[in-house]
Each structure stands twice: as structure tokens, then as C-alpha cells.
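Read off the chains here:
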Amino acid sequence: MSQNVTPYKDSGLGKKEQVAQMFDTISGNYDGLNRVISFGIDVKWRKKVLKLVADKNPKTILDIATGTGDLAILMAQTSATEIIGADISEGMMEVGRKKVTEKGLDSKIKLVYGDSENLPFEDNYFDAITVAFGVRNFETLDKGLAEILRVLKPGGVFVILETSVPTKFPFKQGYNFYSKNLLPLIGRLFSKDRSAYAYLSESASVFPHGEALNNILRKIGFIEVKNMPQTFGVATIYTASKQ
Ligand SMILES: C[S@@+](CC[C@H](N)C(=O)[O-])C[C@H]1O[C@@H](n2cnc3c(N)ncnc32)[C@H](O)[C@@H]1O
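Residues numbered from 1 in each chain as written. Predicted model: local features only at pLDDT ≥ 70, side-chain atom pairs only at ≥ 80, totals over all residues. Heavy atoms only, no water.

1. Concerning the nonpolar core
Leu 62, Ile 129, Leu 145, Ile 148, Phe 158 and Phe 222 are the most contacted members of the largest nonpolar core, which totals 28 residues. Sorting elements by how many residues they give to this core places helix 5 (residues 141-151) first, with 5 residues. Not counting residues up to four positions away in its chain, the partners in contact with Ile 148 are Ile 64, Ser 116, Leu 119, Ile 129, Val 131, Phe 138, Phe 158 and Phe 222. Formed by 26 residues, the second largest nonpolar core is a distinct cluster that contains Leu 50, Ala 80, Leu 161 and Ile 237. (Core = buried A, V, L, I, M, F, W, Y, C linked by side-chain atoms within 4.5 Å. Buried < 20%, exposed > 50% of the residue type's maximum accessible area, 1.4 Å probe, protein only. Helix = DSSP H or I, 4+ residues; strand = E, 2+ residues; numbered from the N terminus. Contact = heavy atoms within 4.5 Å.)

Written out as C-alpha cells, the structure reads:
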């Protein structure tokens with residue numbers, strides 16, 4: 001499963017350390033790469049996540065696996081007064097902190113070191129929690145999701161945006177061609193770290209999506225679990241809540 005797919009297989013490090021190292025390495029190229037590999041469509045998906053969260057009028061928001069902070073920054077458009085982005089890659093957050101400062105959002109958004117599998121926050125604290133393209137990088141998915149449930153307020157909203165794999169012809173075939181041939185090529189153009197881009201496409205192809213991820217969320221204890229495939233199923237937005 002996803003735990004076995006790692007960026008630097010022979011490094012002797014655990015998945016978490018490998019993932020943090022990989023994102024530290026590619027942090028300078030990450031934003032540009034993101035726009036290119038999704039043809040810019042990720043911006044549209046992120047705005048949908050914003051609307052789902054904004055509709056709940058949250059005061060406190062946690063964006064886990066915040067990376068360079070794009071989603072946390074977007075969340076400043078909600079009614080929230082406290083937005084925390086947490087990540088295990090200081091390199092990614094360094095890029096994000098500069099963006100937060102440039103946008104004059106330092107008083108509202110803090111990017112802090114935080115491992116989803118051991119979150120440094122009290123129980124039932126956040127009105128809304130988001131994770132964009134992060135859950136498939138967790139070392140132990142169940143542990144990460146259980147921690148998210150712990151810090152979410154009862155009645156709060158949890159939104160995941162994650163890559164998924166189209167299941168219908170011809171999108172399935174188109175996606176396979178793209179991820180096996182074009183994605184590695186784009187990766188090579190953007191960075192010398194070939195393993196990183198091989199990991200990005202390999203981890204996307206094996207990660208549970210759709211009803212499989214819905215069932216994992218339900219098993220952890222989330223309620224009102226729903227998935228909304230985006231753009232022929234190349235990404236999916238999941239929403240869930242807490243009793
Ligand atoms: C593909 S990036 C996504 C960044 C950002 N959310 C976005 O939408 O662009 C995945 C991020 O997940 C972070 N990550 C992986 N495992 C994590 C964990 N256990 N806890 C917190 N962050 C984690 C990585 O360091 C990386 O910054």
C-alpha cells in the first residue's frame with residue numbers, strides 16, 4: 001500500500017524522513033511544478049475547498065501538510081481569525097512563510113512544524129481542517145487521520161483534496177500515459193531529483209481513492225463522509241465531519 005512507496009528506497013530512512021527530505025529538496029521548484037503538472041487546474045480545485053470551508057464560517061482552521069502554504073493563504077478569505085499551517089518540511093514552510101509575509105497575513109496565518117501523526121494541538125480545537133495533496137504522503141495514513149479527528153471540533157469540517165485515478169475510458173488510458181511518460185519528463189525538466197518525481201506519480205497510482213478512502217475515513221470515526229471527483233477523476237475532494 002501507500003506506506004511501501006517511498007522516494008529514496010535505499011536510503012535506510014523511514015518514509016517520514018524520506019518525504020521531509022524530498023520536499024526540502026524540491027521546495028524551491030514546488031509551486032511552479034504544481035501549476036505545470038496540473039495544467040493550472042489545481043487552482044480551481046483549491047477554490048472549491050475554500051468554498052466548502054468558508055460556508056461553515058470557521059474561526060480556527062488547520063491546514064495540514066501545508067507545504068508552501070497555498071491553501072492556508074487561500075483560507076484567509078474565510079471568516080477565520082486563526083489559521084495554522086503544519087508540515088514536517090521546514091524547506092517547504094520557509095517558502096510559504098515568505099509568501100504569507102508578502103501578502104501581509106502574518107497576524108492571521110502561522111506555519112509551524114507539525115507531524116500529522118502526532119499533532120501538537122489540543123483535542124476538539126479546530127472548526128475546519130484541510131489537507132491538499134498531503135494524505136498520500138503520510139507514513140501511517142490511519143494514524144494521521146485519527147490525529148486529525150482528535151483535534152477537529154465536533155460538528156467541524158474536514159476537507160481532503162487528493163489526486164485520484166480516473167476509472168473510465170478514455171480518461172483512464174490518458175491518465176496512465178500522462179503519469180508514466182509526461183510526468184517524469186516534466187519532473188526532469190524542473191528538478192535534478194528524479195526519484196522525487198517517480199515517487200509523486202507512483203504514490204498517486206497506488207493510493208486508495210473514492211469509496212476506498214471514504215471507508216477508511218468512516219473506519220477512523222469520521223461521519224458524513226462524501227467524495228466529489230474533479231476533472232474526470234484525476235483529483236477528488238472528500239468532506240467529512242465529527243460526531
Ligand atoms: C505535495 S505537498 C502538498 C503541499 C500543499 N498542501 C499543497 O497543496 O501544495 C505534501 C506535503 O506533505 C507534507 N507531509 C508529509 N507527511 C506529513 C506529515 N506526517 N505531517 C505533516 N506534513 C506532512 C510534506 O512535507 C509536503 O510538504
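2. Comments concerning the side chain of Ser 27
With respect to the secondary-structure elements, Ser 27 resides in helix 1 (residues 15-37). Classification of Ser 27 as buried rests on a relative accessible area of 9%. There is a polar contact of 2.9 Å between the side chain of Ser 27 and the backbone oxygen of Asp 24. In this view, Ser 27 contacts Thr 68, Gly 91, Met 92 and Val 95; residues no more than four positions away in its chain are not counted. (Polar contact = N/O pair within 3.5 Å; in protein donor to acceptor, adjacent residues only side chain to side chain.)

3. Some remarks on a nonpolar patch on the surface
Together, Phe 177, Leu 182, Leu 185 and Leu 189 give the surface a local cluster of nonpolar side chains, amounting to about 420 Å² of exposed area. With respect to the secondary-structure elements, Leu 189 resides in helix 6 (residues 171-190). Here Leu 189 falls in the exposed class, since its relative accessible area comes to 71%. (Patch = residues over 30% accessible without salt bridge, like charges linked within 9 Å, V, L, I, M, F, W, Y side chains within 5 Å. Areas by Shrake-Rupley, 256 points an atom, 1.4 Å probe, with all protein chains shown as cover. Salt bridge = Lys/Arg side-chain N within 4 Å of Asp/Glu carboxyl O.)

4. Comments concerning the side chain of Thr 66
As for its position among the elements, Thr 66 is in the loop between strand 1 (60-64) and helix 3 (70-74). One polar contact links Thr 66 to Asp 63, side chain to side chain, over a distance of 2.7 Å. Beyond its immediate stretch of four places on either side in the chain, Thr 66 contacts Ala 72, Gly 85, Ala 86, Asp 87, Met 93 and Leu 111.

5. Some points on the site of the ligand
In the neighbourhood of the ligand, 19 residues make up the surrounding shell, with Tyr 30, Arg 46, Ala 65, Asp 87 and Ser 116 lying closest. Within the side chain of Arg 46, one N or O atom sits 2.8 Å away from an oxygen atom of the ligand. Within the backbone of Ser 116, a nitrogen or oxygen atom sits 2.8 Å from a nitrogen atom of the ligand. For the ligand, whose accessible area on its own is 600 Å², the fraction buried by protein is 98%. The element best represented in the shell around the ligand is helix 1, accounting for 4 residues. (Near = heavy atom within 4 Å.)

6. Some remarks on the packing of aromatic side chains
For any two aromatic rings, the description comes down to two numbers: the centre-to-centre distance and the angle of the planes. According to the stated counting rule, one finds 7 aromatic pairs in the structure shown. On the basis of an interplanar angle of 90 degrees and a centroid distance of 5.2 Å, the ring pair of Phe 121 and Phe 126 is categorised as edge-to-face. Consider the rings of Tyr 125 and Phe 126, whose centres lie 4.9 Å apart with planes at 80 degrees: the pair is edge-to-face. On the basis of relative accessible area, Phe 126 is assigned to the buried category, the value being 0%. An aromatic cluster of at least three residues, connected via ring pairs, comprises Phe 121, Tyr 125 and Phe 126. (Phe/Tyr/Trp six-rings, centres within 6.5 Å; stacked < 30°, edge-to-face > 60°.)

7. Some words on unusual backbone geometry
In this model, Phe 169 is joined to Pro 170 through a cis peptide bond whose omega is 0 degrees. Residues other than glycine seldom take positive phi values, yet Ala 65 does so here, at roughly 60 degrees. Within the fold, Ala 65 resides in the loop between strand 1 and helix 3. With phi around 60 degrees, Phe 232 is a residue other than glycine that occupies positive phi space. Looking at the element boundaries, Phe 232 is found in the loop between strand 6 (223-230) and strand 7 (235-241).

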